[in-house]
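Descriptive structure summary
Residue-level listing of the chains:
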Amino acid sequence: MYLFHSTREMLIEFLPKNGHLAEIGTAEGDFADHILKTAQPSHLHLIDPWEHQAVDQYKTDSNNVTQEEANRRYESVCNRFKDETDKGVVTIHRNYSTEAVKYFGDQQFDWIYVDGMHTEQAVAEDLRCFAPKVKPGGFICGHDYTNHAAAQRMKFGVIEAVNTFVRETSFEFIALTLEPFPTYVLSAEPNSALCQEFLTYATHGLDIALAIDGFEDKNFSQTMAEFSDGKRKLISKLS
Ligand SMILES: C[S@@+](CC[C@H](N)C(=O)[O-])C[C@H]1O[C@@H](n2cnc3c(N)ncnc32)[C@H](O)[C@@H]1O
């Protein structure tokens, strides 16, 4: 597994182009827009209920917006991707991931991006439901593998869910971006030509790469250091 000193925007430049893709959790469509421009998918499914959820564990998540705001976001995503939906490149699913998954065939996606509800249970469910929908050798990527104070306030359980998923399935940790809200990349065929190609291009194209064995069994934590000159810096720690 490689820690990449990069952003998710840079990382997806190295994932397969022209693929069949899905983003779970779209919100205002900012990252979906980036995926469209960078990965040039043959088809991109955007899945989000755009619904306020009165769930205890999800109360403090800044993306659990009021129903009025959720409706506004949905309308704005429909407008934003109107050309692509008209052309049949984008399909918008206003639905929960565990419902929407029923509309997809097995081994359909080249890669998916998991960024829906961030509690441990919700991420675990998304990984479990969508893994069979990914082609053999395809990638599962996802956002917010972090536990800094802001993530704890929002009750994120992404680290726990992803680590358990990697321990219990054939998927392995391939890469993680080092940034305030890191993106992870998993593959069930880490030695495939496709995965090796991804790693070669990413390692070549990014500044610093650090290889780590057995990452899912280590403790990864992020904290915000505050300096006397007022500067703040995110510190990532592995122990
Ligand atoms: C962090 S935001 C997504 C941000 C977006 N991926 C981006 O980077 O531009 C999380 C989104 O997940 C959606 N969400 C919550 N529960 C969900 C579920 N069960 N299935 C799919 N999406 C869900 C929320 O409505 C919210 O819009």
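Coordinates for the structure precede this section.
Below or above, wherever it landed, is the structure these notes cover. (Residues numbered from 1 in each chain as written. Predicted model: local features only at pLDDT ≥ 70, side-chain atom pairs only at ≥ 80, totals over all residues. Heavy atoms only, no water.)

**Examining unusual backbone geometry**
If you check the backbone angles, asparagine 18 has positive phi at about 60° while not being a glycine. For asparagine 18, the location among the structural elements is in the loop between α1 (8-11) and β2 (20-24). With a phi angle near 70°, aspartate 144 is a residue other than glycine that sits in the positive phi range. The exposure class of aspartate 144 is buried, given its relative accessible area of 6%. (Helix = DSSP H or I, 4+ residues; strand = E, 2+ residues; numbered from the N terminus. Buried < 20%, exposed > 50% of the residue type's maximum accessible area, 1.4 Å probe, protein only.)

**Regarding the site of the ligand**
Taken together, 19 residues lie near the ligand, and Arg8, Glu23, Gly25, Asp48 and Asp115 sit nearest. At 2.7 Å from an oxygen atom of the ligand is found a side-chain nitrogen or oxygen belonging to aspartate 48. In the model, a nitrogen atom of the ligand is placed 3.1 Å from a nitrogen or oxygen of the glutamine 53 side chain. Going through the elements one at a time, β2 and α2 (30-39) are the ones with two or more residues in the shell around the ligand. Of the residues belonging to the shell around the ligand, the class tally is eight nonpolar, six polar and five charged. (Near = heavy atom within 4 Å. Polar contact = N/O pair within 3.5 Å; in protein donor to acceptor, adjacent residues only side chain to side chain. Nonpolar A, V, L, I, M, F, W, Y, C, P; charged D, E, K, R; others polar.)

**Examining the environment of proline 49**
Within the secondary structure, proline 49 sits in the loop between β3 (43-47) and α3 (67-80). Overall, proline 49 belongs to the buried group, its relative accessible area being 18%. Each C-alpha atom of the pair proline 49 and tyrosine 96 lies 5.1 Å from the other, and the pair is 47 residues apart in sequence. Other than its neighbours up to four places away in sequence, proline 49 contacts Arg94, Asn95 and Tyr96. (Contact = heavy atoms within 4.5 Å.)

**Here's the deal with the environment of threonine 146**
Looking at the element boundaries, threonine 146 is found in the loop between β6 (134-143) and α7 (149-153). Taking the C-alpha atoms as reference points, threonine 146 and serine 76, 70 residues apart in sequence, are found 29 Å from one another. Apart from the residues within four sequence positions on either side, threonine 146 is in contact with Ala151, Phe156, Ile159, Pro180, Phe181, Pro182 and Gln222. At a separation of 3.4 Å, a polar atom in the side chain of threonine 146 contacts the main-chain amide nitrogen of histidine 148.

**Description of the packing of aromatic side chains**
With the rule as written, the count across this model stands at 13 aromatic pairs. Ring centres 5.0 Å apart and planes at 70° place the aromatic pair phenylalanine 104 and phenylalanine 109 in the edge-to-face group. The pair phenylalanine 104 / phenylalanine 109 is uniform in exposure class, with both members buried. Across from the ring centre of phenylalanine 31, 3.9 Å away, lies the NZ or CZ of arginine 8, which sits over that ring. Stacked on the ring of tyrosine 74, the Lys or Arg arginine 94 has its end atom at 4.3 Å from the ring centre. (Phe/Tyr/Trp six-rings, centres within 6.5 Å; stacked < 30°, edge-to-face > 60°. Lys NZ or Arg CZ within 6 Å of the ring centre and 35° of its normal.)

**Some words on the side chain of threonine 177**
Within the secondary structure, threonine 177 sits in strand β7 (residues 172-177). Polar side-chain contacts of threonine 177 include one of 2.7 Å to the side chain of glutamate 179. A distance of 2.8 Å separates the side chain of threonine 177 from the backbone nitrogen of threonine 183, its partner in a polar contact. The contact partners of threonine 177, leaving out residues within four places of it in the chain, are Phe4, Ser6, Thr7, Arg8, Leu11, Pro182 and Thr183.

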